[in-house]
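Structure assessment
Listed below, chain by chain, are the residues.
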Amino acid sequence: MPAEPPLSRLDQALRVAAGRLPGPDARHEAEHLLLHVLGRDRAWLFAHGDDALPAESAAAFEDLLARRMVGEPLAYLLGRRGFWTLDLQVSPATLIPRPETERLVELALARLPPDHALRVADLGTGSGAIALAIASERPLAQLVATDISAEALGVAGANAQANGIANVAFRHGSWLAPLAGERFDLIASNPPYIAEDDPHLAQGDLRFEPPSALSSGTDGLDAVRAIVLAAPDHLVPGGWLLLEHGWDQGAPVRALLMARGFIDVATETDLEHRDRVTLGRVTEAQDASR
Ligand code: GLN
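Because the structure is predicted, anything quoted here is derived from the model rather than measured.

Moving on: the overall build of the protein chain. The helix and strand inventory of the protein chain stands at eleven helices and nine strands. The principal-axis extents of the C-alpha atoms in the protein chain amount to approximately 80 × 40 × 35 Å. Burial analysis of the protein chain (290 residues in total) assigns 48% to the buried set. Across the protein chain, the fraction of contacts at a sequence separation of at least 24, relative to all contacts at a separation of at least 6, is 65%. Accessible surface, the protein chain as shown: approximately 13,800 Å² in total, 55% of it carbon and sulfur. Counting 25 positive and 40 negative side-chain charges, the protein chain places the centres of these two groups 2 Å from one another.

The environment of the ligand is formed by Leu95, Pro97, Thr101, Gly124, Thr125, Ile130, Asn190, Pro191, Pro192 and Ala213. Alanine 213 is positioned such that a nitrogen or oxygen atom in its backbone is 2.9 Å from a nitrogen atom of the ligand. Out of a free accessible area of 300 Å², the ligand has 96% covered by protein chains. When its residues are assigned to classes, the shell around the ligand shows six nonpolar, four polar and no charged.

Moving on, we come to the pattern of salt bridges. Going through the model one piece at a time under the given rule, you end up with 20 salt bridges. The closest approach of N and O atoms between arginine 27 and glutamate 31, which form a salt bridge, is 3.8 Å. Note that arginine 27 and glutamate 31 are positioned in helix 2 (residues 26-38) at a spacing of four residues, about one turn of the helix. Accessibility expressed as a relative area gives 10% for glutamate 31, which makes it buried. The salt bridge partner of arginine 42 is glutamate 31, with a shortest N-O separation of 2.4 Å. Separated by eleven residues along the polypeptide, arginine 42 in helix 3 (residues 42-47) and glutamate 31 in helix 2 bring together distant segments of the chain.

A separate point is the environment of glutamate 272. Here glutamate 272 lies in the loop between strand 8 (263-269) and strand 9 (275-281). Along the backbone, glutamate 272 and glutamate 100 are 172 residues apart, and their C-alpha atoms lie at a distance of 9.0 Å.

Right, let's talk about the pairing of strand 3 (residues 119-123) for a bit. The side chains of a regular strand alternate between the sheet's two faces. Counting buried positions over the five residues of strand 3 gives four, a clear majority of the element. Note: strand 3 against strand 4 (residues 142-147), five bridges, orientation parallel. What sits directly across from leucine 123, in strand 4, is threonine 146. This β-α-β element, strand 3 to helix 7 (residues 129-137) to strand 4, shows right-handed connectivity.

Quick notes on the rules
Residues numbered from 1 in each chain as written. Predicted model: local features only at pLDDT ≥ 70, side-chain atom pairs only at ≥ 80, totals over all residues. Heavy atoms only, no water. Helix = DSSP H or I, 4+ residues; strand = E, 2+ residues; numbered from the N terminus. Buried < 20%, exposed > 50% of the residue type's maximum accessible area, 1.4 Å probe, protein only. Contact = heavy atoms within 4.5 Å. Areas by Shrake-Rupley, 256 points an atom, 1.4 Å probe, with all protein chains shown as cover. Lys, Arg positive; Asp, Glu negative; His and termini not counted. Charge placed at Lys NZ, Arg CZ, Asp CG, Glu CD. Near = heavy atom within 4 Å. Polar contact = N/O pair within 3.5 Å; in protein donor to acceptor, adjacent residues only side chain to side chain. Nonpolar A, V, L, I, M, F, W, Y, C, P; charged D, E, K, R; others polar. Salt bridge = Lys/Arg side-chain N within 4 Å of Asp/Glu carboxyl O. Pairing = 2+ DSSP bridges. Right-handed = clockwise from strand over helix to strand, strands pointing away.

So far we have only geometry, and geometry alone does not tell us how the molecule works.
Spelled out as structure tokens, the structure:
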């Protein structure tokens, strides 16, 4: 019989694991993975560093470490990511919500007075990040979130339930297609916007995320074009469209909005002062297509 490997202490296991993971966040990531395996929080670990790591937890920890070492995103290994004030479930069927997207949420909220029962759509909702963040801040608003991936909608629906958010309806389909005949005060989207041949797609977390959530056509703007074209027929007079995009896409996205008749078109930057969100609204008098 082979000898049982000696049980290591939690603090030792953590130190060894942090030494094996690459990158500046190694210690932090190792801790997240260990706490996930143990089903504990940091405060508990602080007081239990000299506890032994049970054998089955050691095996589960080793499995997660091995997957992290080949690049699997931490958020997928934990199955969770924080966004806005929410704790969201994520899966490889959904994009991992990014801090940049919180900028889009802020800009949307600035256009949504809290005391009105406004209607808001989130196109390509993925984990539900945008729709759920807005819904949580605007309980009187009615949100509709679409996605072409039924699997992503399942995740988004579970996130609504887990966060106690009841004012979001989920619809299956491409961009605005499931919203026939409906108009909104504001439409927001973080669509795929990376060019198909962009080398970043073969790097980091992006390798593991759904390609359909990341890239869209040769210049990355196919989804943006489809949304800009269809959006005016789904906005009330004066209603806003807000689109997240890449740092170098502000000018082309503004041009698309202006060509489609949007007014007050502008691009806003993210925390790192890069172009990130372009927005515009339809005119008050635009009733021709109604
Ligand atoms: N709306 C989701 C998010 O912002 C998904 C976006 C996407 O898949 N492109 O996280």
